[in-house]
Amino acid sequence: MKSETLAVSPIGESPRRHSSHRGLDLTGGESVFCISQRQMRQALDLFEARGPDDPLRLAFDDLTSRFTRNEQAALAFRLIEQLNRG
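Note that the structure is predicted; figures quoted are calculated from it, not measured.

(A) Main features of the packing of aromatic side chains. Enumeration over the complete set of coordinates arrives at one aromatic pair. Considering the side-chain rings of F47 and F60, the 5.1 Å spacing of their centres and the 65° angle between planes classify their relative orientation as edge-to-face. Placement of the pair is F47 in helix α1 (residues 37–48) and F60 in helix α2 (residues 55–66), with a sequence separation of 13 residues. The exposure class of F47 is buried, given its relative accessible area of 15%.

(B) Geometry of the pattern of salt bridges. Scanning the model with the defined rule gives five salt bridges in all. The shortest N-O distance in the salt bridge between R57 and E48 comes to 3.4 Å. The class of R57 is buried, set by a relative accessible area of 17%. Judged by its relative accessible area of 52%, E48 is exposed. R50 is the salt-bridge partner of D54, the closest N and O atoms lying 3.0 Å from each other. The class of D54 is buried, set by a relative accessible area of 17%. Since its relative accessible area comes to 30%, R50 is described here as partly exposed. Because the salt bridges share partners, they merge into one network encompassing R78, E81 and R85.

The rules behind the values
Residues numbered from 1 in each chain as written. Predicted model: local features only at pLDDT ≥ 70, side-chain atom pairs only at ≥ 80, totals over all residues. Heavy atoms only, no water. Phe/Tyr/Trp six-rings, centres within 6.5 Å; stacked < 30°, edge-to-face > 60°. Helix = DSSP H or I, 4+ residues; strand = E, 2+ residues; numbered from the N terminus. Buried < 20%, exposed > 50% of the residue type's maximum accessible area, 1.4 Å probe, protein only. Salt bridge = Lys/Arg side-chain N within 4 Å of Asp/Glu carboxyl O.

Here is the structure:
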């Protein structure tokens with residue numbers, strides 16, 4: 001089975017070089033990670049299966065209403081980094 005990925009990683013560059021405090025726009029252009037399309041679909045399915053009053057959905061709605069796109073991307077990258085550490 002062929003694995004599909006969303007290419008979002010500059011070759012040879014470390015994620016540590018991409019920090020929002022240096023003014024890098026995290027919502028486009030240079031990116032850090034590759035994400036499997038299968039994993040993305042599974043994550044979206046898990047999220048969408050939750051009801052409107054679910055704590056995860058409420059947290060998502062709150063964060064997306066209070067933070068800019070760049071701040072949301074910084075949070076997403078931080079969560080990915082934490083998950084990668086296991």
